[in-house]
Amino acid sequence: MKKECENVTLYFYGELDQEEMTAFKAHLPHCPLCQKELSFLENVQTALVPPAAPQNVVNAVLAQTKKVSFWQKIFRPALGIGAALAAGVFFLVMGPNPSQTAPDNTDWLAYVSVQSDEDFNNFAQEFEIFENEF
Ligand SMILES: [Zn+2]
């Protein structure tokens, strides 16, 4: 193996400087090892490139892409903006009101208290009647 043989991979990837490139190009026609290695590298690169999609598949995808109508393009963003504005207006109108105070429980407590007293008095009277009768 000659010194130029070490440069076959760099030659393949175009990484040699001008002087090395000239030397390798002069070496390649006379070196079966480098020709074999270069052919191998080309085969590997070809194998790694994915095959192109069949034209009928490309056409089907393009046809689906073009089916988005003008109104779909306009309507979706407009719907989003409209929803955002509606939500903003809703929270402006229905949001927390600083002038609102906590609900007052005193009326409810007074009502329960009066009802409890009445219930107790009714029970006491009925029990008194029961005691008197038996
Ligand atoms: Zn060589």
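The structure presented is a predicted model; accordingly, all values stated were derived computationally and were not measured.

## Regarding the overall build of the chain
Then step 1. Helix and strand counts for the chain stand at 6 helices and 0 strands.
Then step 2. Each helix and strand of the chain, placed in order from N terminus to C terminus, yields the pattern α-α-α-α-α-α.
Then step 3. In terms of overall dimensions, the chain is more spread out than a globule: its C-alpha atoms have a radius of gyration of 46 Å, far above the 14 Å expected for 134 residues.
Then step 4. Expressed as lengths along the three principal axes of its C-alpha atoms, the size of the chain is roughly 135 × 45 × 35 Å.
Then step 5. The buried share of the chain, reckoned over its 134 residues, is 10%.

## Describing the packing of aromatic side chains
Geometrically, a pair of aromatic rings is defined through the distance of the ring centres and the angle of the planes.
Then step 1. Tallied over the full model, the rule gives 5 aromatic pairs.
Then step 2. When the ring of F123 is compared with that of F127, the centres are 6.1 Å apart and the planes differ by 20°; the resulting orientation is stacked. With a gap of 4 residues between them, F123 and F127 both fall in helix α6 (residues 106–133), about one helical turn apart.
Then step 3. Relative accessible area serves as the criterion here: at 54%, F123 is assigned to the exposed category.
Then step 4. For F127, a relative accessible area of 40% corresponds to the partly exposed category.
Then step 5. In this structure an aromatic cluster arises from ring pairing among F123, F127 and F130.

## Side note on the coordination of the zinc ion
Then step 1. Distances from the zinc ion to its protein donors, C5 (SG), H27 (NE2), C31 (SG) and C34 (SG), fall within 2.0 to 2.3 Å.
Then step 2. Here the zinc ion is ringed by 4 donor atoms whose angles at the metal span 104 to 115°, and the overall shape comes out tetrahedral.
Then step 3. Every donor residue of the zinc ion comes from the same chain, spaced as C-x21-H-x3-C-x2-C.

Cut-offs used in this document
- Residues numbered from 1 in each chain as written.
- Predicted model: local features only at pLDDT ≥ 70, side-chain atom pairs only at ≥ 80, totals over all residues.
- Heavy atoms only, no water.
- Helix = DSSP H or I, 4+ residues; strand = E, 2+ residues; numbered from the N terminus.
- Rg over C-alpha atoms; globule rule 2.2 N^0.38 Å.
- Buried < 20%, exposed > 50% of the residue type's maximum accessible area, 1.4 Å probe, protein only.
- Phe/Tyr/Trp six-rings, centres within 6.5 Å; stacked < 30°, edge-to-face > 60°.
- Donors = N, O, S within 2.8 Å, 3.2 Å for Na, K, Ca; no water.
- Tetrahedral: all angles 85-135°; square planar, octahedral: opposite > 155°, others 65-115°.

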